[in-house]
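# Understanding the architecture of this molecule
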Amino acid sequence: MRVRRSVVSAVACVLLAGASMSCTGGSAPAPGPVADLLDGRDWAHFAGAEPTRSGVRITRLDRRITRQDGSGGQPNPPVNLRGPHLVFQGGVRVEARLIRTDGTDAYLHLYGETPVVYDEWRHERRGVRIGVVGGRLRFDRWDGDSDRPAVTRTFGRGFGDDVRLAVDVRGDRLVLEADGNVVGTVPARDVFRHRRIWFGADAGDGGRGWTLGELRAMPLGRGRVSVRDAPALKVPRSTDALRDLAAGLRRPIRMGTALAAGPLLTDGAYRRTAGEEFSMLTPENDFKAQFVQPRRGVFAFEEGDTLVDFADANGMRVHAHTLVWFEALPSWMRAEMTHEDRRRVMTEHIRAVAGHFRGKVAEWDVVNEPMSDEDEDYTNGNRGVRPHLWFEAMGEQYMDIAFRTAKEADPHAVLYLNEYGVEEDGPRWDALYALLVRLKQRGVPIDGVGFQNHEYAAEDRTDPEVFRRKVRALAGLGLKARVSEMDVLVGEGEEDVQARQFAGKLAVCAEEPNCTSFSTWGFTDGYGSTADIRHYPPSPGDALPWDAAYEAKSTYWALRDVLGRTRRRPPQAPDGQGAVG
Ligand code: XIL
């Protein structure tokens, strides 16, 4: 759904057909033709937003990213990447009308570069935010060198509930106007150095939301402005990519990767490679609790929906991740509450999220990382199960409840438990196996186990033949297996180590009849979750089959070799178990 309003104030620009339109400024200093950024543009896929007759209603999401230990809470406001963005030359003016009904602080974001989510952290790049906060105008500018704004200023006072804002980008200055008066000028630095502006909006304290009544852009002086909509999600297919080789196996498997909605909408090489090479995707972060249910009962599925739409457009299966985990939780979910309430929070979350994606995703990681890292949990009666908040409230039964609730919410989805560090022998694996036996005995509707296969350090390297025994052990319990999140961090000159590890695990998956898919945790180092984020900008890791410039590494060719080889000499599959759906 797009925003439709009866009054179209901009003429010259909106008359041009197609996804983009151009407005060229004349030589006069006055603003050129006006481009309406709401009417006919997509605001329906923008998290927290609802297109209405009077504009786009912005709900207060308070979306944040917490660190692994639950601390922190970095703001993660949505960006309308599926909506319009500007490409301009020379000066540009952006006008907006912010209508507040219940005193909510209203923020409009103009991003010169879109943020990237890495490991429990949002890499905030260049952009500005202008807000009506209380009765004042607040301005922040991020320079791409810190999470925090480089400049924060407040201007004017006494602004009411209906404020007309304007920002003129004039060379090295940003001129701010409110209700027709210039209220301040700030240095632009390089904030719009790429001559692009993406939009975001956010509601702060005070109430439940506000309405973006108007949003327009126009060139200044001799400037030029064009409005671009998001690119089409469908990408050209080849017949000779990883996914095709895997589909050509006598027992086909899916080749998967973790994806993020952000780069999918802003980086053509990312989008094309993802759609061309992979037949399955896992949302890297966009389905996690702190993204989809940032406030209790307030859901933001839009980025997740984009991933589902991408999969749909390109014939990919969605392996959804994840319903019950102890990380990536919004702070309200971690708050003190009774055991009964904790249980209700878990089941309501599963019902809402699995219900929303019912019929659109094929598989779920219902329970993520249930096994403990602490030795004591293997001797103190916990039987190796991690004693996190869900366990504290329900004991091991949290898993039974989670799987049963997911099954009710989406009866056709294939339900997985997903774990790391269980590809090798040891107490973790033994405890997981015993847990799986108990779950099966209790009739819990679990279909399979994902082996994450993260290899972050030399001591994480595991032997494919040991992994094969684990996959076979699962077959013995009637369970499917998959490689769910593989990445292999290596060092200078160790590309062959990486290629060998990936190829070894893929070979096992292609050969073992109950192994359904092989998924890497991202595919290009450009957005890999092993990036070193201790400094700005982060430096990429090297754990994935493509480098940051989308050059395929020897790992990619090794994966192709395995699939080619396996196709020529198909394994003896004794039964049809584990056939790919
Ligand atoms: C990671 C993501 O890759 C990061 O971007 C995020 O900040 C933290 O989570 N096991 C899992 C995944 O099940 O969800 C984790 O993903 C990696 C480890």
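Within each chain, residue numbers correspond to sequence positions counted from 1 in written order. Reporting in this predicted model follows two pLDDT cut-offs: at least 70 for local features of residues, and 80 or more for side-chain atom pairs to be given and counted; totals over whole chains, interfaces and linings ignore these cut-offs and use all residues. Side-chain numbers here rest on the full set of heavy atoms in the structure, without hydrogens or water.

What follows concerns the domain arrangement of the protein chain. Interface size is often expressed as the accessible area that is lost when the parts come together. Once the domains are mapped, the protein chain shows domain 1 (10-228) and domain 2 (242-566). What fixes the domain bounds is an automatic or database domain assignment. Look at where the C-alpha atoms of domain 1 and domain 2 centre, and you get two points 35 Å apart. Here, residues are in contact when the closest pair of their heavy atoms is within 4.5 Å. With 34 residues of domain 1 in contact, the opposing surface of domain 2 contributes 28 residues. Here the quantity called buried area is the total loss of accessible area, with a 1.4 Å probe, experienced by two parts when brought into contact, counted for both. Between domain 1 and domain 2 the total buried area reaches about 2600 Å² when both faces are included, carbon and sulfur atoms providing 56% of it. When the area that domain 1 buries against domain 2 is broken down by residue, the three leading residues are R63, R82 and Y118, summing to 24%. For salt bridges, the criterion is a side-chain nitrogen of Lys or Arg within 4 Å of an Asp or Glu carboxyl oxygen. One salt bridge in this structure joins D309 and R82, with 3.0 Å as the shortest N-O distance. Polar contact is the term for a pair of N or O atoms within 3.5 Å; when the atoms are in protein, one must be able to donate a hydrogen and the other to accept it, and sequence-neighboring residues count only if both atoms are side-chain atoms. Connecting domain 1 to domain 2 are 10 residue pairs in polar contact (both at pLDDT 80 or more). At the level of secondary structure, the elements contributing two or more residues to the side of domain 1 that touches domain 2 comprise β5 (64-65), β9 (116-117) and β10 (122-123). The residue makeup of the side of domain 1 that touches domain 2, split by class, is 12 nonpolar, 10 polar and 12 charged. Helical segments are the DSSP runs of H or I of at least four residues, strand segments are the runs of E of at least two, and each set is numbered from the N terminus. Only Asp, Glu, Lys and Arg are considered charged in this grouping, and only Ala, Val, Leu, Ile, Met, Phe, Trp, Tyr, Cys and Pro are considered nonpolar; every other residue, Gly among them, is considered polar.

What is meant by a disulfide is a covalent connection between two cysteines, made through their sulfur atoms. To count as a disulfide, a pair of cysteine sulfur atoms needs to be within 2.5 Å. Counting across every chain of the model gives 1 disulfide. Residue C509 pairs covalently with C515 via a disulfide, S to S 2.1 Å. Across the S-S bond of C509 and C515 the torsion is about -90 degrees, and the bridge reads as left-handed. This pair shows no difference in class: C509 is buried, exactly as C515 is. Three exposure classes are used, based on accessible area relative to the maximum for each residue type with a 1.4 Å probe and protein chains only: buried under 20%, partly exposed in between, and exposed over 50%.

Think of it this way: a Phe, Tyr or Trp ring, Trp meaning its six-membered ring, pairs with another when their centres are within 6.5 Å, and the plane angle makes it stacked under 30 degrees, edge-to-face over 60, tilted otherwise. In the structure shown here, the tally under the stated rule is 21 aromatic pairs. Taking 5.5 Å as the distance between ring centres and 85 degrees as the angle between the ring planes, the aromatic pair formed by F301 and F357 counts as edge-to-face. One end of the pair, F301, is in the loop between α4 (289-292) and α5 (302-313); the other, F357, is in the loop between α7 (339-356) and β22 (363-368), with 56 residues separating them in the sequence. Residues F301 and F357 agree in their burial class; the two are buried. On the basis of an interplanar angle of 40 degrees and a centroid distance of 5.8 Å, the ring pair of W429 and Y433 is categorised as tilted. With W429 and Y433 both in helix α10 (residues 427-441) and 4 residues apart, the pair spans about one turn of that helix. For W429, a relative accessible area of 8% corresponds to the buried category. Looking at Y433, the relative accessible area reads 29%, which means it is partly exposed. Through pairs of rings, three or more aromatic residues link up here, namely Y270, F278, F523, Y527, W546, Y550, Y556 and W557. The rule for a charge over a ring is simple: NZ of Lys or CZ of Arg within 6 Å of the ring centre, and within 35 degrees of the ring normal. Above the face of the Y107 ring, R129 is positioned so that its terminal group lies 4.1 Å from the ring centre. Lying over the aromatic face of Y416, R482 brings its terminal NZ or CZ to 5.8 Å of the ring centre.

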